[in-house]
Amino acid sequence: IERYEKVYTTNAIKTSKYNVFTFLPLNLFEQFQRIANAYFLILLLLQLIPAISSLSWFTTVVPLVLVLSVTAAKDATDDIVSINMLQSERWMNVQVGDIIKLENNQFVTGFLLLMFSRLLSSPHPLLSFSSPPSFLYSSTPPLRETNLKVKQALTVTGDMGDNIQKLAAFNGEVRCEPPNNRLDRFTGTLNNAGQKYSLDNNRILLRGCTLRNTDWCFGLVLFGGPETKLMKNCGKTTFKRTSVDRLMNVLVLCIFGFLAVMCTILAIGNRIWEQRWGSDFTAFLPREDGVNASFSAFLTFWSYIIILNTVVPISLYVSMEVIRLGNSFYIDWDRNMYHAHSDTPAEARTTTLNEELGQIKYIFSDKTGTLTQNIMTFNKCSINGKSYGDVIDYNGQRLEINENTETVDWSFNPLADQRFSFHDHSLVEAVKLESPEVHTFFRLLSLCHTVMAEEKREGELLYQAQSPDEGALVTAARNFGFVFRSRTPESVTVVEMGKQRCYDLLAILDFNNVRKRMSVIVRSPEGKLCLYCKGADTIIYERLHQSCSKLMDITTEHLNEYAGEGLRTLALACKDLDEKYFKEWQQRHHVASTALEDREQKLDLLYEEIEKDLMLLGATAIEDKLQDGVPQTIEQLSQADIKIWVLTGDKQETAENIGYSCNMLREEMNDIFIVSANNTDDVRQELRNALNAIKPGAEVFTPVTSLGSKVKVIKDEEVDGEFGLVINGHSLAYALDGSMELLFLRVACLCKTVICCRVTPLQKAQVVELVKKYKQAVTLAIGDGANDVSMIKAAHIGVGISGQEGMQAVLSSDYSFAQFRYLERLLLVHGRWSYLRMCKFLSYFFYKNFTFTFVHLWYAFFCGFSAQTVYDEWFITLYNLVYTALPVLGMSLFDQDVNDMWSFQHPKLYVPGQLNQYFSKTAFFKCALHSVYSSVVLFFIPYAAMYDTVRSDGKDIADYQSFALLTQTCLVFTVCIQLGLDMSYWTAVNQLFVWGSLTMYFAVTFAMYSNGMYLAAPASFPFIGTARNSLNQPNVWLTILLTSILCVLPVVAYRFLLIQLRPTINNKAAPLPPKRRAKIRRSSTRRSGYAFSHAQGYGDLVTSTRFLRRPAIVPSSGFTLLGRTTGFSPMGRSAGYSPTGHAQNNRPRDVEATSLQMYSTAQTLGL
C-alpha cells in the first residue's frame, strides 16, 4: 500500500499540559491571567518603590507566594493524573501507511484498518475454528466502555491469514473521509485488483482500544497522532462558572472602583494638609527636593493603594478553592449515594460548581436509563389480532399477576432460558399447535436483529446485544421455541422447535434514528426469499399493504392498551421478495455501499424502495422498569420549587405514561396541553391556546433586542392551578424558531411539568440553551447515554448516570452517580449546604477585611494623610493567613443550619438558594455597612480610651504602638465573636480553630514583641515590650470588652427583630403532618414508544464476510427476574436483559419514602 508521508502528521501526541521545563513559566502565566493575582503583583512592584510604600515588601510577598505555590501544586497534581497512560515512546515511530501487528491485551497505537486477525483457541471442540479467522474483539478503556465489540476484516485481506509474504505483496489503495471526531461512523473504500470494497466503522480500530480474546491482528495505519478520532475528541471543555463567581467578578470590580475613590479622597486630603499644615513640620521632617504638595498627593494615592489593598484579600480565592474541594470530598464520601449493586459511588468530577447545586431551578432529564432502569422485559404481544400476556380466569376476568401466579413451564425447550418468566399459557399452546402466524412472528424475532450469540458449553447461550430491547426480544423468541443459535456474516442459524435451520443472510437494512426500523433479507433452506421488518408502529404502518387495514385497527387497539400500562412497543411485518427484482436491487445496493459521498442517503433511498407493501404480523410490548425511588425524588424536588422537564427520544405516548408513573403528570392537574402540530402556524396557535387557558387575556409579547443590547430576562409569573405540557419533536423544531421561542418558553414556564418527546440530541441542547438565555435561573441536565452529552454540556451543571449505556455521559458530566434518586440528596443536602457555606464564608470574609481596612481610613484623618498604617506590619501579614484563616474555613466546611433529614422533610428550605437570598448585591451592601459601623467602633473607642491615658503607676500609655496593639486585639476578638454568631453547627474542629486562632494570636504577638526578636532584627520587630506593657492593664481589657460588645450588639438586635417581624423559612414552626394521596389507577388510550435501539446497529458487520463463532469470556448472565416498581400495572412479566452481561439485582433495595411536608406559606429570607 503506497504511503504519502508528507500529507499526514506523525503519531506522537501530547496528553499533558506541562513538562519539567515549561511548568513554571506556563503555570505562572496562567495564574497571572487572573485579575486578582495580577493586581497583587502590581502592588508588590509598587511596594518596592520607597517613596510611596509605607509597608515592607514581605507583607505582600508572603501571601502571594503562598497562594501561587498552593495553586501550582494543585495544577501539577491534576496534570499528572490526567496524563493518558496509553502513551508509549514507540508509538511516535508509527507512521501513516505502516502495517503493524498487535497481540492480545495490547493497546491500539493508531487509527487502524483491520486487515486480518486470529482469535484465541476455543476450549470447546464444537466451537473451534477451521478456516482463516477475520474477527476480533476489542474494548475501549479511554471511553470507559468495557463491553466487547466485534470488528470484522474484509474478505480480501482476511484470507491472507498469517502469510507475511502475501501481506507484503498486497497492493491496494484506501480512500476515506478526512480526520474528524465522529466515533460512530467512518466512510471509505479499498481498491484492490480492480475491485472496490466498502469500509465502515466495523472495519476500524480506534486508537486506545484494547484487543481482547484475540491472539494477534494486523492493521493498516490510516491516521496517526492528533488526527486520530480519539485525539480529535480531546478538545477543550467549556469552563463553567457559578453564579457566585459571576457575582464576585462584579463585586471585585466595584471594590476596585471604591478603592480608587477612597485613595483619591485621601490623596486630596494629603494635598490640603500639606498646603495648610505641612510647612509646620519641615523642621524635623524636611521635604525632598522637587516634592511639593501636589506631588506628595500623587505619591500618597499610590501609598494608600498599597495599604488599603486588603479590601480584596489575596487569600480569598485560595480559601474558596479549599472550601469547594472539601465539599466535593463530602459528595465522594457519602455512603448514602453509593450504589452497592453496581459498586458505584457518587463522584464530584469538578470542584468549582458545588454551591451552584444549591440554586437549581430547572432540571432537564432524559427518560430511558435515567428515570427508568433501561432493563427491558418481554411482557405482552399481539399476533394476528390476538393479544397475549394477560392471565384470564374461567369467568373471562383478567387477573392481577403477582409472585404466586403460575408461570409457563419451559421443559419442552431444552435451550430455553429458565430465568425468563411468562404467565400466559395460551401463547405456548399456540406455538405447540404450530400456528403459522405465531411461528412467523417468533421466526422474525429470531432472525431480525444484530445480536451476537456466545456458547461456552453446549446449550448454554449468552446473547450480547447493542440494546436491551433486542436482547429481550431474542430471549423471548428463544423460550418460545425459536432459538437464535449462531451467525456468520452470510447466515443465521436458528433452532426452530428442536430442528436446526440455517438461513442465508443476504442483507441487513440497519436501524438508525431517522429510519426508526430495521429489516433483514434472508433465504430459507427451501430457497424462499423474505424480508422481515420491525420498528416503530407509526413507521411500519406507513409501509403496510392496504389489505392489512383491518388487522392494523385491531393491533392499534392492543397497542393503546399496552400504552396505558407504560410499555414500549414494536410493530412487526414481513413480505416475500421476487428473485429477479432482488438481484437487481442487490447490485444497486453494492454501488451505494461503496460510495464515498452521500453513502447514507443513497442507502436510505434503497431501503425505502424495498420496505413497502409489508404484511403486518403483530406487535411486541416491552416493559422498561422505573428506577427505585424516582416518584418520591421527583415529588421532593417539586416541593423544593424545582421544575423538571423530561427530554426524551421516545414517542409521545411512552413519555406521557412515564410522566404519570413518576407523578410528574397527575389526574388532578387543571389541564395537560398536547402540542403535536406539523407546521409553524398550527404550533403557534396551539401554544397561544395553551397560554390563554393558563392565563386568560395574557398578552403575547416579543422582546425586541437591538445589536449589542442585553437579552431581556423573562421573570416567573404566578399561575392559578397546575398545568402540564407535552410537545413532540416536530412541533418543538418550530417552537424553537426565533419568532416563536419566547412564546414556547413562556407557556412551558407556566406549566408545572414539561415533557418533550421524539427530540434529537441537538434539540435537547437547544431547549437548555433557551432557558439559560431568557431565564435568570440555574439549570441542571441529567442523562445516561451519548445522546445526552450535548444537553449535559449545555446546562450550568451536568450530571451523568452510570448505567447500561456506557460512560460517555459520565465522562462529559460534572457529577455522576448510579441512580436518579441520588439527585435528591445531591441538591437538597450537599447543594444546599455548599451554597449556604459559601455565602456565609463570603459575607464573613468581606466583613472582616472591610472592617480591617476601614480602620486605616479613619486613622488617615489623624495622621495627616501620611499613609501610615494603624497596625503592626506583621499583623497585616498574618491577619488573613494565620489569625482568621482557620475559623472561617472551619465554618465553611462543617457548618449546617439543619441536618440532612430535616432538609428532606422540609424541601422548601431549598428555595432561598434559587432566589440568591443568602448572598447577593444587597447582602454585600449590608455587609459593607456593618463593616463601616464596626470599623468606627474599633477605631474611635480605643482611640478615646487611650487618649491622655496613663498606667496605674503613672507612666504614659498613650503611644502609637500601644494604640495599634489595642486596636488589632479588639479586631481579632470582634471577628471571632461575629463568627460564633454566624455559625449554626459547632463541632470539635470549629472549637479548635476558633480558640486555637486566638491562642495563636497572643502567642505570636508576645513572640514578635519580645526582646529576643528585636535584638535579632531591630528594623523588622520595633514593637519591643508593647504586648507585656499594655495587656497587663485592666483598662485595656475593659476597652476590648466594650468594643466587642458594641460591635456585635446591633447584629444580635437586628436578628432578634427579624425573627419576630419577618421570620424566614428556617424560623418557621413545625409543618403540618404529611397527607397521603390515594393511588389512582389510570386507563389510557395512548400508545407507548417503540422498543428499539437508539444507536446504529451491527448490520453492516454481520453481513460483510465469513464469521467464525468464538465464545468470548464474559461476565455472568444478564437474564434475571426483577421485582416490579410502583407505577406500572402490567399483566405479564419476563426476564430482565442487560447488554453488559452483568447479573441484575433480584430484589431491589428498599427505598425509604421521605416524608413530604407542606407549608401554608413560604416567605423569603432576609439578611
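- In the annotation of an unreviewed UniProt entry, the entry for the chain reads Phospholipid-transporting ATPase, and the organism field reads Esox lucius.
- Quoted verbatim from the Cofactor (unreviewed entry) heading of the UniProt record, the comment on the chain is "Mg(2+)".
- Check the Subcellular location (unreviewed entry) section of the UniProt entry for the chain; it says "Membrane".

### Brief notes about the overall build of the chain
Argument step 1. A count of helices and strands for the chain gives 36 helices and 33 strands.
Argument step 2. Within the span of the chain, comprising 1167 residues, buried residues form 57% of the whole.
Argument step 3. Total accessible area on the chain stands at roughly 50300 Å², and carbon and sulfur atoms take up 56% of it.

### Considering the sheet that holds strand 7 (residues 195–199)
Argument step 1. Strand order in this open sheet of three strands is 5-6-7, and the pairing throughout is antiparallel. Two strands in the sheet have a free side with no partner beyond their single neighbour: strand 5 (173–176) and strand 7. Averaged over neighbouring strand pairs, the angle between their axes works out to 20 degrees when direction is ignored.
Argument step 2. Both strand 6 (residues 188–192) and strand 7 contribute to a ladder of five bridges, which runs antiparallel. Within the sheet, the bridge partner assigned to leucine 190 lies in strand 7 and is tyrosine 197.

### Topic: helix 17 (residues 630–639)
Argument step 1. Counting buried positions along helix 17 yields eight of 10 residues, so the element is predominantly enclosed.
Argument step 2. Restricting attention to buried positions, one finds in helix 17 the residues Val630, Pro631, Thr633, Ile634, Glu635, Gln636, Leu637 and Gln639.
Argument step 3. Where helix 17 is buried, its residues contact strand 12 (360–365), strand 25 (615–626), strand 26 (643–647), helix 18 (652–661), helix 25 (822–860) and helix 28 (900–905).

### Some remarks on the sheet that holds strand 26
Argument step 1. Overall, mixed pairing links the nine strands, which are arranged 11-32-31-30-12-26-29-28-27 in an open sheet. Two strands in the sheet have a free side with no partner beyond their single neighbour: strand 11 (347–348) and strand 27 (671–675).
Argument step 2. The pairing of strand 26 with strand 29 (residues 753–757) spans four bridges and is parallel. Across the sheet, the residue bridging to leucine 647 is cysteine 756, located in strand 29.
Argument step 3. Strand contacts of helix 19 (residues 680–694): strand 27 and strand 28 (723–728), with the helix running at about 170 degrees to strand 27, the strand carrying the most contacts.

### Brief notes about the pattern of salt bridges
Argument step 1. In total, this model carries 38 salt bridges according to the counting rule given.
Argument step 2. Here arginine 443 ties to glutamate 496 by a salt bridge, and the two come within 3.0 Å at their closest N and O atoms. Residue arginine 443 is found in helix 11 (residues 436–447), and its partner glutamate 496 is found in strand 20 (residues 491–496); the two are separated by 53 residues along the sequence.
Argument step 3. You can call arginine 443 buried: its relative accessible area is 16%.
Argument step 4. Between lysine 695 and glutamate 717 there is a salt bridge; the shortest N-O distance is 3.2 Å. With lysine 695 in the loop between helix 19 and strand 28 and glutamate 717 in the loop between helix 19 and strand 28, the pair connects residues that are 22 residues apart, well separated along the chain.
Argument step 5. Residue lysine 695 is classed as partly exposed on the basis of its relative accessible area, which comes to 25%.
Argument step 6. On the basis of relative accessible area, glutamate 717 is assigned to the partly exposed category, the value being 26%.
Argument step 7. Taken together, the shared-partner salt bridges connect Arg517, Glu542, Arg543, Glu608 and Glu611 into one network.

Here is what the cut-offs are and how they apply
Residues numbered from 1 in each chain as written. Predicted model: local features only at pLDDT ≥ 70, side-chain atom pairs only at ≥ 80, totals over all residues. Heavy atoms only, no water. UniProt positions renumbered as here; feature names shortened; annotations may be inferred. Helix = DSSP H or I, 4+ residues; strand = E, 2+ residues; numbered from the N terminus. Buried < 20%, exposed > 50% of the residue type's maximum accessible area, 1.4 Å probe, protein only. Areas by Shrake-Rupley, 256 points an atom, 1.4 Å probe, with all protein chains shown as cover. Pairing = 2+ DSSP bridges. Axes fitted to C-alpha atoms, helices over the stretch in contact; angles between N-to-C directions. Contact = heavy atoms within 4.5 Å. Salt bridge = Lys/Arg side-chain N within 4 Å of Asp/Glu carboxyl O.

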